[in-house]
Amino acid sequence: MERKEFRDLASPAEAREAIRSLSLEGGIDRVPLEESRGRVLVARLDAELDVPGFDRASLDGYALRARDTFGADEADPARLEIVGEVHAGEEPAVEVGEGEAVEISTGAVMPPGADAMVPVERTDRVERRSTERASGSAASQEGEDVLIRTSVAPGDNVMFAGADVAAGERALGPGTRITPREIGLLSALGVEEVPVRSRPTVGIVSTGDELVRPGEDLDSGRGEIYDVNSYTIAAGVEDAGGEAVLYPHAGDDQDEMERTLREAAAECDLVCSSGSTSASAVDVIYRVIEERGELLLHGVSVKPGKPMLVGRLEDSAYVGLPGYPVSAMMVFRTFVAPAIREAAGLPEPKSATVSGTMAREERYGEGRLRLMPVGLVEGGAGETLVYPVDKGSGATTSLAEADGVVEVAPETDYLEAGEDVTVRLFSADVRPPTLFGVGEDDPRLNRVLDDLENPRYLSVGSRPALRRLREGVPDVAVVAGPLEREVDAEEFGGWEREWGLVVRPGNPDGIEGVADLVDRDLRFINRTTDSGLRTSLERALEDLADGRDASRRDLAESIEGYDLGLRAHESPARTVAAGDAHAGLGLRETADRLDLAFVPLGDQPVRILANPDRLEKAGVRELATRLEE
């Protein structure tokens, strides 16, 4: 297949305009009231009845005629005859006359003759006394009277019919987003079905022969990976007000891809695919769009996310996202989500931004708009520091470890340490972590972190941790093994861990130490050079080399797999457990947890080093307390 290179890269503004031209707006849905939350009204709703539909009491107390309370106060209360009671939900069976009162509950219909009410706490019930009736004859009446210790005016403590919403009144206008507040109003109006703008349906198709759905068996030997983009993009669609429809992932075969894409185009307003958009021999998706629709652009001058497609596929809009998860999500958030919100009638969310300063220098200079994921950390003086979080577009955790994005202009070559930047947060409720730590991956440390309020910890290894601590970025660095150079930091905690070789159950190969790795034909799995375990192993190899009058490099070269370093502390052990190696560098705790055998090589110190400027930070103090415990 002929390789197809990128066309001239479109600008970000041109990409937005191309997506806007696709017009994703749908029709009208009539949804039950209970399903309307978050939807947008397409027509004005007028009240068809008064709310409330009757004069009702606002409080528990007594309904009466206001003029009968004229001049009443605590010293000289008005005395009225109780002639009945009215409860909420029942029709009054009594009328209030001169000198009379009716006991009434909150929300009950005001009885005829009453024009006000007095709350119960301003009254007292007493036995009825002989009264002079209006006819002039004296009679002894059994029952109770009420003493009214305040005067009221007509209408006091009464909600009259239509006082909330009057029949014919404009209740809600088109474009209103329905929240629990609006649902309450619509319920009061007796609305059962609500006319709302249709949510744009977005078909999501992940492409590539290597993709496997979460929950299915994964064959890493074939290069298979779990499908990340389908789920992250679907969540983004829902957040933007659309309705996500997941389709089975399509392989790299053109016929299969075409069938899946055409099915999605027939059923959805927008089709979003991820993967198969870069210029390589196996990527065929742009051919499908050109043959079955119209390709508006291929490639945008933005990082990450250059290989983006925008076009039409039959009667549906189409956007092709990059395959790498970070690139796909950044492009979706920047270009696609605003179009979905507009089609759903939702306003662009208020941009939650914070100002901060770069914690360290960051070089760029690629001539494209850069969408740089960043994290936030509070400095020693309470200032907001910003640091890049970038493991590459293929990493799935970059966005999970970031708080927002800094847009770096194409003409910017680098950002200086201390330079002011504006961070566009991923959401308005993002808060910096209470503790920001970097360093060694350690099982005991993980248990300590579980007890802290809101920590963030990046397992970068001991050597990068020391470098970042020297740059002043993290609150603490966790390092293991011997320190190769001094660092300006406060050591305030730590522990010992037993390190060595993790081997198969029962140690069937009879491995006793590092010498066996050098002298025998054994497959070994190492850790990366950033790891403190790797440093301790290098020291042990140096000791062996000294005893043999050889160089460490020569001994290392004789160990099969020595240069293959895995990042996570459990990875070598899991390789051994899978039968793919005879021994791996690791910890006794890991071996015990995975039911593997262990050959001890020594005890290794794990040190907690704190940034001297952050010792009084609440999160650092909390960590120190947990370590003491």
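Residues numbered from 1 in each chain as written. Predicted model: local features only at pLDDT ≥ 70, side-chain atom pairs only at ≥ 80, totals over all residues. Heavy atoms only, no water.

A. Main features of the nonpolar core. Within the largest apolar cluster, 38 residues are counted, with the highest numbers of intra-cluster contacts made by Leu270, Phe332, Val336 and Ile340. Elements that contribute at least two residues to this core include exactly helix H1 (12-20), strand S15 (201-206), helix H3 (229-239), strand S19 (270-274), strand S23 (316-321), helix H6 (325-344) and strand S26 (369-378). Among the elements that make up this core, the one with the highest residue count is H6 (twelve residues). Sequence-distant contacts of Phe332, that is, excluding residues within four places in its chain, are made with Ile233, Gly236, Val237, Leu321, Ala337, Pro338 and Ile340. Counting residues in each nonpolar core, the second largest holds 23 residues, with Phe524, Leu555, Leu587 and Val599 among its members. (Core = buried A, V, L, I, M, F, W, Y, C linked by side-chain atoms within 4.5 Å. Buried < 20%, exposed > 50% of the residue type's maximum accessible area, 1.4 Å probe, protein only. Helix = DSSP H or I, 4+ residues; strand = E, 2+ residues; numbered from the N terminus. Contact = heavy atoms within 4.5 Å.)

B. Highlighting the sheet that holds strand S8 (residues 123-127). The mixed open sheet is built from six strands, whose spatial order is S7-S4-S6-S5-S11-S8. Looking along the sheet, the strands with just one partner apiece sit at the ends: strand S7 (116-119) and S8. On average, adjacent strands in this sheet sit at an angle of 40° to one another, irrespective of strand direction. Across four bridges, strand S4 (residues 61-64) lies against S7 in antiparallel orientation. In the strand pairing of S7, Gly61 is matched with Pro119. (Pairing = 2+ DSSP bridges. Axes fitted to C-alpha atoms, helices over the stretch in contact; angles between N-to-C directions.)

C. Focus on the packing of aromatic side chains. Inspection of every chain in the model, using the stated rule, returns one aromatic pair. Residues Tyr387 and Phe436 carry aromatic rings whose centres are separated by 4.5 Å and whose planes lie at 15° to one another, so their mutual orientation is stacked. Taken as a pair, Tyr387 in strand S27 (residues 384-388) and Phe436 in strand S31 (residues 435-439) lie far apart in primary sequence, 49 residues in all. We classify Phe436 as buried; its relative accessible area is 1%. Above the plane of the ring of Tyr414 lies Arg363, whose end atom (NZ or CZ) is 5.0 Å from the centre. (Phe/Tyr/Trp six-rings, centres within 6.5 Å; stacked < 30°, edge-to-face > 60°. Lys NZ or Arg CZ within 6 Å of the ring centre and 35° of its normal.)

D. Quick look at the state of the cysteines. Counted by the stated rule, this structure contains zero disulfides. With no disulfide partner, Cys268 has as its closest neighbouring cysteine sulfur the one in Cys272, 10 Å distant. (Disulfide = S-S within 2.5 Å.)

E. Molecular detail of the sheet that holds strand S20 (residues 293-298). Taken together, the six strands give an open sheet; going across it, the order is S18-S15-S19-S23-S22-S20, and neighbouring strands pair in mixed fashion. Looking at which strands have only one partner, the edges of the open sheet turn out to be strand S18 (243-246) and S20. Averaged over all adjacent pairs, the angle separating strand axes in this sheet is 20°, with direction ignored. In this structure, S15 lies alongside S19, joined through five bridges in parallel fashion. Its bridge partner being in S19, Ile204 is matched across the sheet by Cys272. Against the sheet, H1 touches S20, strand S22 (309-313) and S23, its axis set at about 160° to S20. The strands that H6 touches are S15, S19 and S23; relative to S23, the one it contacts most, it runs at about 160°.

F. A look at the pattern of salt bridges. What the rule picks out here adds up to 41 salt bridges. Of the charged contacts in the structure, one is a salt bridge between Arg520 and Asp516, with a shortest N-O distance of 3.9 Å. Residue classification places Arg520 among the partly exposed residues on the basis of a relative accessible area of 32%. By relative accessible area, which is 16% here, Asp516 ends up buried. Through salt bridges with shared partners, a single ionic network connects Arg79, Glu81, Arg128 and Asp145. (Salt bridge = Lys/Arg side-chain N within 4 Å of Asp/Glu carboxyl O.)

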